[in-house]
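# Results of the structural survey
One-letter residues, chain by chain:
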Amino acid sequence: MKKPIVAGNWKMYKTLKEGQSFVENIVNLTLDIDGVQVIFCPPFPMLFHIVEILKNSGFKVGSQNCHWESEGAFTGETSPKILAGLGVDFVILGHSERRHIFNEPDEWINKKVHAAMNLGLNVILCIGETLQKRENGLTEIVLTEQLQKGLLSVDKSEKLVIAYEPVWAIGTGVVAESRQIEEAHELIRNWLKDKFTKNMANDIPVLYGGSVKLENVEDLISIPGVDGFLIGGASLKEESFSGIIHKVENYYKG
Ligand code: PGA
């Protein structure tokens, strides 16, 4: 069985020193963990250092974005080739902050998915509806379109993770209701079964993200179809992040 995933998206937080000691402390606080795949996603300049600290550990490192070209005149960008060369394992693509603050269209995200997978990176593809779309009954259409466009011409599924992150739940303290999460995850899983085979689809982890905290993680992990979490705010503090990892491990160990 695939391991549940707990991924921490640091966004634009922490200095290198803070990041290094945070990762070292999390490793020490979770020495007893063997049933959870933990992924740290720090800002670009810290990636190399965090990869070095975690070498030969079971922890993985992810980038928060990448460009779709391997190299070229793209000032301020970082390519999947550069990331792979650093020893980075994962890349988050299509995060709602990329879509909404930086206006990344699905077409770019699709090009990034291909480029990252071609370089051997695992992709965490984020999808999610805004509050306005949900209130207008358009959640299903939005999620389906983001999957269709984001995964256009993608035929391999081994390096794919999907994160369902309703935009209105990210960083707001408002968690989606269990029923809403279950419905979205079911829709995603069914879509994946249509696109790939049933077995391939069942092996793709589908994460939930949006105001996941130590206090709500036990409820969230028990929702059918939830294979783990992509966590922002609560991934920045040692107590909450290590606590979440323990709660997920305990849930799966029964
Ligand atoms: P949050 O962020 O946990 O702070 O809501 C989630 C995310 O942006 O992935």
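Our structure is the block above this text.
## Let's talk about the state of the cysteines
Overall, the coordinates contain zero disulfides when judged by the stated rule. No disulfide involves C66; its sulfur sits 12 Å from that of C41, the nearest cysteine.

## Digging into the side chain of S157
By the element assignment, S157 lies in the loop between α7 (139-150) and β6 (160-164). Among the residues examined, S157 registers a relative accessible area of 6% and is labelled buried.

## Details of the side chain of E129
Turning to its location among the elements, E129 is positioned in the loop between β5 (122-127) and α6 (131-135). With relative accessibility at 0%, the residue E129 sits in the buried group. Looking at E129, its side chain comes within polar contact range of the side chain of R134, at 2.8 Å. In this structure, E129 is in contact with R134, T139, V142, L143, Y164, P166, V167 and W168, ignoring residues within four places of it in sequence.

## Structural notes on the site of the ligand
Around the ligand lies a shell of 13 residues, among which K11, H95, E165, G171 and S211 are the nearest. One nitrogen or oxygen atom from the main chain of G233 is found 2.8 Å from an oxygen atom belonging to the ligand. Alone, the ligand offers 280 Å² of accessible surface; in the complex the protein occludes 95% of this. A per-class count over the shell around the ligand returns four nonpolar, seven polar and two charged.

## Things to note about the nonpolar core
A general tendency of soluble globular proteins is for nonpolar side chains to be buried together. Core analysis: the largest hydrophobic core is formed by 66 residues, its most contacted members being F40, L151, I162, L192, Y208 and F229. With six residues, the top contributor of residues to this core is helix α8 (residues 178-195). Beyond its immediate chain neighbours, meaning those up to four positions away, I162 contacts L125, I127, L147, L151, I188, L192, I204, P205, V206 and L207.

## Some points on helix α1 (residues 16-29)
Here α1 is 14 residues long and its end C-alpha atoms lie 20 Å apart, about the 20 Å a rise of 1.5 Å per residue gives. For α1, the full list of buried residues reads G19, F22, V23, I26 and V27. Within α1, the buried residues cover an arc of 130 degrees as seen down the axis, which keeps them to one side. Opposite the buried face of α1, at more than 90 degrees from it, the exposed residues are K17 and N28. Where α1 is buried, its residues contact β2 (37-41), α2 (47-54) and α11 (238-253).

Scoring rules and cut-offs
- Residues numbered from 1 in each chain as written.
- Predicted model: local features only at pLDDT ≥ 70, side-chain atom pairs only at ≥ 80, totals over all residues.
- Heavy atoms only, no water.
- Disulfide = S-S within 2.5 Å.
- Helix = DSSP H or I, 4+ residues; strand = E, 2+ residues; numbered from the N terminus.
- Buried < 20%, exposed > 50% of the residue type's maximum accessible area, 1.4 Å probe, protein only.
- Polar contact = N/O pair within 3.5 Å; in protein donor to acceptor, adjacent residues only side chain to side chain.
- Contact = heavy atoms within 4.5 Å.
- Near = heavy atom within 4 Å.
- Areas by Shrake-Rupley, 256 points an atom, 1.4 Å probe, with all protein chains shown as cover.
- Nonpolar A, V, L, I, M, F, W, Y, C, P; charged D, E, K, R; others polar.
- Core = buried A, V, L, I, M, F, W, Y, C linked by side-chain atoms within 4.5 Å.
- Expected span 1.5 Å × (residues − 1).
- Arc of directions from axis to C-beta.

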